[in-house]
Amino acid sequence: MFPVAILPYREDAQAQTREFLSRVVDVLLDFVHQVNDRNEKILEFKMPEEMNKMLDFQLHDEPLPLKQLLEDCKVALKHQVKTEHNSIWQCLKKQGVDQKYIRILKSIYTNSTARIKLEKQGKQININRGVRQGDPLSPKLFTVVLEDIFRRLEWDHYGLNINGENLTHLRFADDIIILARSKDQLQYMITDLDRESRKVGLTMNTSKTKAMTNALEDTILLNAEPVEFVKEYTYLGQQISVTDIMTKEIDTRIGNAWKRYWGFKEIMKNTEIKTYVKTKLYNTCILPVLTYGCETWALTKALYKKLETCQTAMQRSMLNIRKSDRIRNTTIRRRMKIENVTTRIRKLKWKWSGHIVRGNDKWNKNIISWYPRDKKRNRGRQYRRWDDEIKSIAGNIWTRRAQNRAEWKKMEEAFAKVGQTDQVVGVINSSEL
């Protein structure tokens, strides 16, 4: 049982009283963080001497019961809650957005209401937090808030050292990867990000947060809960894995392409629909699924063959031709006139490689030339690197050649035409002598 009088009221005990108040308020803040909506922000109290002023209640001249203290704190905290909208306006101001645009946004979000309609319209609901669903501005507003969070993080000495610069994270909207050299670094960075996010009303989803390592797995905590370790996961539609990443990615692409293909079954298997219609639908809706993210692939001949086999099977399916019909693949390709998957992949990769090396201050460009200075590749046959096939056409100085757009464009055909590479490369090299 707690004693009725818990706070000392003597003059010489004032410091202990304030210290106790600080601890009580910290507990209350944690409680309010849990019970309030995720988009609300609770003021944090940094200094005990400011406690009275911020909470707006006075220390009593007599012993203060615990129940009364908690009640006073709850009332004070209730009036100190700030919604996410205020955080948005502050972030916009910090990042140099003109005040008139901020006023326009405020007027849009002021007095916003919604109704839930099932069999009949529900009661009117006031919207005091979050951003408008379906509004083109909403992703930008979210990005502004997230950018402000990362600007406050002091991670200068964390992350992976890439040619003298530290790469701490990858970020696309709310899909974030945090990179760290050790378990302690990662634990600090996750805790720091979670703390700063809560200040603007954002919380990290513990169930969706995963960890991956190429070393021993050690417990990482988020909100006092352990983060699940995985061997692979999907980030922005691509497979991320420590081992055999390309095979897993190609299998995923092929599976997704077949799903999309059978989604158009009524058209693709219909014998009354002309072939050119099926070809156009395939090139527009299915081939992009099969080659999604191909600019970042490092493919072997076996993986190229796997993709071509998938494409050939789809062409046969569209024409209702079986293998037992003994019709050559070349004949089927002439009839369908579908863009070859290998040619498409190599063209897209060639264009993208030239684009990234011509830019300035791009992480993509820095990573291409980076390798761990304190490590060596293992003995035996090595994994295929991303730029190995580019070097086979343009040589080891391909990054210099890519600066010349006209020359790079001419070499694209050599790279894209599988089987004619050696002949064309000889012509290109001879013209440079």
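An unreviewed UniProt entry annotates the protein as Reverse transcriptase domain-containing protein of Helicoverpa armigera.

A.B. asks: Provide a residue-level description of the packing of aromatic side chains, including the pertinent values.
C.D. replies: The relative placement of two aromatic rings is captured by the distance of their centres and the angle of their planes. Under the counting rule described, the total for this entry stands at 11 aromatic pairs. Taking 5.8 Å as the distance between ring centres and 65° as the angle between the ring planes, the aromatic pair formed by Trp 89 and Tyr 109 counts as edge-to-face. Of this pair, Trp 89 sits in helix H4 (residues 84–94) while Tyr 109 sits in helix H5 (residues 99–109), and the two are 20 residues apart along the sequence. Its relative accessible area of 7% is what places Tyr 109 among the buried residues.

A.B. asks: Please provide a residue-by-residue account of a nonpolar patch on the surface, values included.
C.D. replies: There is a patch of nonpolar side chains on the surface, built from Val 97, Tyr 101, Ile 104 and Ile 108 and spanning about 330 Å² of accessible area. Take Tyr 101: it is sitting in helix H5. The exposure class of Tyr 101 is partly exposed, given its relative accessible area of 46%.

A.B. asks: So what's going on with the confidence of the model for the protein? Residues and values would help.
C.D. replies: This prediction gives the protein a mean pLDDT of 78; 76% of its residues lie at or above 70. Element-level pLDDT for the protein is lowest in helix H18 (residues 421–431), with a mean of 35, against a maximum mean of 94 in helix H8 (residues 245–263). For the stretch residues 1–10, pLDDT sits under 50, and the model shows 19 contacts to residues farther than four places along the chain or on other chains. Scored below 50 in pLDDT, residues 419–433 shows 10 contacts in the model against residues more than four places distant or in partner chains.

A.B. asks: Any details on the pairing of strand S7 (residues 169–172)? Residues and values, ideally.
C.D. replies: Two strands pair when backbone bridges link them, and S7 and strand S8 (residues 175–178) are joined in this way by 4 bridges, in the antiparallel orientation. Within the sheet, the bridge partner assigned to Leu 170 lies in S8 and is Ile 177. Joining the antiparallel neighbours S7 and S8 is a turn of 2 residues, in which Ala 173 adopts a positive phi near 55°.

Reading guide: rules and limits
- Residues numbered from 1 in each chain as written.
- Predicted model: local features only at pLDDT ≥ 70, side-chain atom pairs only at ≥ 80, totals over all residues.
- Heavy atoms only, no water.
- Phe/Tyr/Trp six-rings, centres within 6.5 Å; stacked < 30°, edge-to-face > 60°.
- Helix = DSSP H or I, 4+ residues; strand = E, 2+ residues; numbered from the N terminus.
- Buried < 20%, exposed > 50% of the residue type's maximum accessible area, 1.4 Å probe, protein only.
- Patch = residues over 30% accessible without salt bridge, like charges linked within 9 Å, V, L, I, M, F, W, Y side chains within 5 Å.
- Areas by Shrake-Rupley, 256 points an atom, 1.4 Å probe, with all protein chains shown as cover.
- Salt bridge = Lys/Arg side-chain N within 4 Å of Asp/Glu carboxyl O.
- pLDDT = per-residue confidence, 0-100.
- Contact = heavy atoms within 4.5 Å.
- Pairing = 2+ DSSP bridges.

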